[in-house]
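Each chain, written out:
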Amino acid sequence: KERSAGYALYDLANEFSQRYQNRTFRHSLYFVLFLTSMAFFFLFKKALFFLIFFLALNMITGIVIRGFLRKILFGIETIIFSTVLMGAAFGPHTGLITGVASAGVMVFFQRINILHVAIFIPLYAGVGFLAGYIPDVNITLLGSILSLLYCMVSCFFIWCIGGKMWKCAWFTVTNLASNVFL
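Calculation notes
Residues numbered from 1 in each chain as written. Predicted model: local features only at pLDDT ≥ 70, side-chain atom pairs only at ≥ 80, totals over all residues. Heavy atoms only, no water. Helix = DSSP H or I, 4+ residues; strand = E, 2+ residues; numbered from the N terminus. Buried < 20%, exposed > 50% of the residue type's maximum accessible area, 1.4 Å probe, protein only. Contact = heavy atoms within 4.5 Å. Areas by Shrake-Rupley, 256 points an atom, 1.4 Å probe, with all protein chains shown as cover. Core = buried A, V, L, I, M, F, W, Y, C linked by side-chain atoms within 4.5 Å. Axes fitted to C-alpha atoms, helices over the stretch in contact; angles between N-to-C directions. Parallel < 35°, antiparallel > 145°, perpendicular 65-115°, else oblique. Left-handed = near helix turned anticlockwise from the far one by under 90°. Phe/Tyr/Trp six-rings, centres within 6.5 Å; stacked < 30°, edge-to-face > 60°. Polar contact = N/O pair within 3.5 Å; in protein donor to acceptor, adjacent residues only side chain to side chain. Disulfide = S-S within 2.5 Å.

Novice: Please explain the overall build of the chain as it appears in this structure.
Specialist: In terms of regular secondary structure, the chain is built from eight helices and zero strands. Secondary structure elements in the chain, listed N-terminal to C-terminal, are α-α-α-α-α-α-α-α. Counting only residues that meet the buried cut, the chain has 41% of its 182 residues in that class. Residue pairs in contact within the chain that sit at least 24 positions apart in sequence constitute 74% of those at least 6 positions apart. For the chain, the accessible area works out to roughly 10,500 Å², and carbon and sulfur atoms hold 73% of it.

Novice: Would you mind showing me how to read the side chain of serine 154 here?
Specialist: Tracing the sequence through the fold places serine 154 in helix H7 (residues 139–160). Apart from residues lying up to four places away in sequence, serine 154 is in contact with Phe120 and Leu123.

Novice: Teacher, can you tell me more about the nonpolar core here?
Specialist: Generally speaking, soluble globular proteins have nonpolar side chains that are buried together. With 26 residues, the main nonpolar core has Val84, Phe120, Tyr124 and Tyr150 as its most contacted residues. No other element matches helix H6 (residues 114–133), which puts ten residues into this core. Setting aside residues no more than four positions away along its own chain, valine 84 makes contact with Val127, Ala131, Ile139, Leu142, Gly143 and Leu146.

Novice: Would you mind going over the packing of helix H4 (residues 79–90) against H7 with me for this structure?
Specialist: In a pair of packed helices, the angle between the axes and the distance between the axes together describe the arrangement. Relative to each other, H4 and H7 sit at 125 degrees, their axes nearing to 10 Å. Judged by the inter-axis angle, H4 sits oblique to H7. Note on packing geometry: the crossing formed by H4 with H7 is right-handed. Across the interface between the two elements, Ile80, Val84, Leu85 and Ala88 of H4 pack against Ile139, Leu142, Gly143, Leu146, Ser147 and Tyr150 of H7.

Novice: Hey, could you run me through the packing of aromatic side chains in this one?
Specialist: The geometry of two aromatic rings is summed up by the distance between their centres and the angle between their planes. Under the counting rule described, the total for this entry stands at nine aromatic pairs. On the basis of an interplanar angle of 65 degrees and a centroid distance of 5.3 Å, the ring pair of phenylalanine 53 and phenylalanine 54 is categorised as edge-to-face. Considering the side-chain rings of phenylalanine 129 and tyrosine 133, the 4.9 Å spacing of their centres and the 65 degrees angle between planes classify their relative orientation as edge-to-face. Placement of the pair is phenylalanine 129 and tyrosine 133 together in helix H6, with a separation of four residues, close to one helical turn. What makes phenylalanine 129 partly exposed here is its relative accessible area of 27%. One aromatic cluster is present, formed by Phe120, Tyr124, Tyr150 and Phe171 through successive ring pairs.

Novice: What exactly am I supposed to notice about the environment of asparagine 179 here?
Specialist: Structurally, asparagine 179 is set in helix H8 (residues 165–181). Separated by 98 residues in sequence, asparagine 179 and phenylalanine 81 have C-alpha atoms that sit 6.0 Å apart. Not counting residues up to four positions away in its chain, the partners in contact with asparagine 179 are Glu77, Ile80, Phe81 and Ser147. A polar contact is formed between the side chain of asparagine 179 and the side chain of serine 147, at a distance of 3.4 Å.

Novice: Looking at this structure, how should I read the state of the cysteines?
Specialist: Considering all chains together, one arrives at zero disulfides under this definition. Free cysteine cysteine 151: the closest other cysteine sulfur is in cysteine 155, separated by 6.1 Å.

Shown next as structure tokens:
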């Protein structure tokens, strides 16, 4: 049976992730998080308290909901919520850094393969950046629009690598509902 290029790319990324998810992968992640936090501290001191709060919230959510209840509630997360709030409150660069740092926390606690890292971290960063550039919009509407945009783009990439569309649809429904609720 011949496999599509998307499956081959997914298999290659999975193999790469398994091989380098050990100490080298973790040290690289720590280094990126350190650089992100240093840049954030020097550029955006005012928002540091909120970044720490939202990173802790994302970590707890990642461990509890995404760790234990992943099979049922895999669309519930607080990363988009915190990224949109930080971007809207403190500007596009703060939103971008919050998205990268929050996605880094997700990667650390969930052992996501490298291909997903290459997709999700830029998407979360983009959501935070866009949140800072869209002025005078109701925060619930802004969060809903950016959450839907995130879901559509991530589902497209997941579909391209051979993911199941019903999982993307369920992720979109639960993600939108949880972000509107928050």
